[in-house]
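Structural overview for review
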Amino acid sequence: QFTLHTEAEFNPQEADPFYMRLTDVYLQWSRSVLLAVTAGKHAMNFTMDGSTSSKELLTIDRSNLSNNLWFTQEYLPGISVSGEIANWGYHLGMYSAGERNREFGHFNGSVSTLATISYNFAEALGADEALLAGNYVYQNPNANNTFTRKLQHMTSVNFKLADGRWGVRTDVSVAAGYQGQSDLWGTMIMPFLNLTDELQFVTRHTHVSSSNPNGVRLARYEKSLTSGRGDRYKEWYLGVNYYFYGHKLKLQSGVQFADMKDSAGDGGKYSGVALNSGLRVSW
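These remarks concern the structure in this document. Owing to the predicted nature of the structure, the values given are computational and were not obtained by experimental measurement. (Residues numbered from 1 in each chain as written. Predicted model: local features only at pLDDT ≥ 70, side-chain atom pairs only at ≥ 80, totals over all residues. Heavy atoms only, no water.)

Focus on the overall build of the protein
- When its secondary structure is counted, the protein shows 2 helices and 14 strands.
- Across its three principal axes, the protein shows a C-alpha extent of roughly 55 × 50 × 45 Å.
- Relative to its full complement of 283 residues, the protein shows a buried share of 45%.
- Taking the contacts inside the protein whose residues are at least 6 apart along the sequence as the reference set, 56% of them involve residues at least 24 apart.
- When the accessible surface of the protein is split by element, carbon and sulfur atoms take 58% of a total near 14,300 Å².
- Across the protein, the 24 positively charged side chains and the 26 negatively charged ones have centroids separated by 3 Å. (Helix = DSSP H or I, 4+ residues; strand = E, 2+ residues; numbered from the N terminus. Buried < 20%, exposed > 50% of the residue type's maximum accessible area, 1.4 Å probe, protein only. Contact = heavy atoms within 4.5 Å. Areas by Shrake-Rupley, 256 points an atom, 1.4 Å probe, with all protein chains shown as cover. Lys, Arg positive; Asp, Glu negative; His and termini not counted. Charge placed at Lys NZ, Arg CZ, Asp CG, Glu CD.)

Next up, the structure:
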């Protein structure tokens, strides 16, 4: 009935720091799928890509929607209850949003809460997978909140569908910012096609906009070229994946075109094409 889970991140390529962070550590109690109680540092899952394990992503990286409207630290100290009742699923959690460190943080900020409800339509639609989920996040504004983004309210509705050789994942999210962070909204659609059990093609279109200038961040690799922010981001992605052993051993490659509009004209404008490829191993 009890699960104790601990995971840490290390960087064997560097002597200092070799130890990066305590990724997650929690104690979970569960007697059935109806209820699980989890306490400790564990995942705060919302948005489509934010609810998908990094080991199981269909693209090289998470979308820029999740980069802007999700808490990319991912693992926060807190307590949550979750479970499944027939085709319904739920998750209710309360997490510390305070100043982060490599372990549990300083608990000197406010609290972030998450409510998720989902429904599985797979049986009704005769599909392999058809899951509709709604997420709502609320946190009290506080200058010490560094485990999270400066978002007071965040709502996301996402849907994943898979039937035979094809499928699609979608996300529509809106957020209200605080302390200089503009309000945001974003959409993401990601169709995919499995030509064989090993070979998969995937496309993605992402749109993120802010109500005020400099409200949108660039994605992971783009921000290493352009340090500023903008107010409208668009991305088109075309990728191919080859699964040697499912998600545990796969080769992923993708071509991405991204464009950032910067109405303030202060260094956030970006337009570029990128090619990324990676061999991913997990166990």
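Describing the side chain of Thr 116
- Within the element layout of this structure, Thr 116 appears in strand E6 (residues 111–120).
- Looking at Thr 116, its side chain comes within polar contact range of the side chain of Asn 135, at 3.0 Å.
- Not counting chain neighbours up to four residues away, the residues in contact with Thr 116 comprise Asn 45, Gly 89, Tyr 90, His 91, Gly 134 and Asn 135. (Polar contact = N/O pair within 3.5 Å; in protein donor to acceptor, adjacent residues only side chain to side chain.)

Some words on unusual backbone geometry
- In this structure, Glu 74 takes a positive phi of about 70° despite not being glycine.
- The backbone of Asn 214 shows a phi angle near 60°, a positive value even though the residue is not glycine.
- As for its placement among the helices and strands, Asn 214 is situated in the loop between strand E11 (199–210) and strand E12 (232–243).
- Given a relative accessible area of 26%, Asn 214 falls into the partly exposed group.

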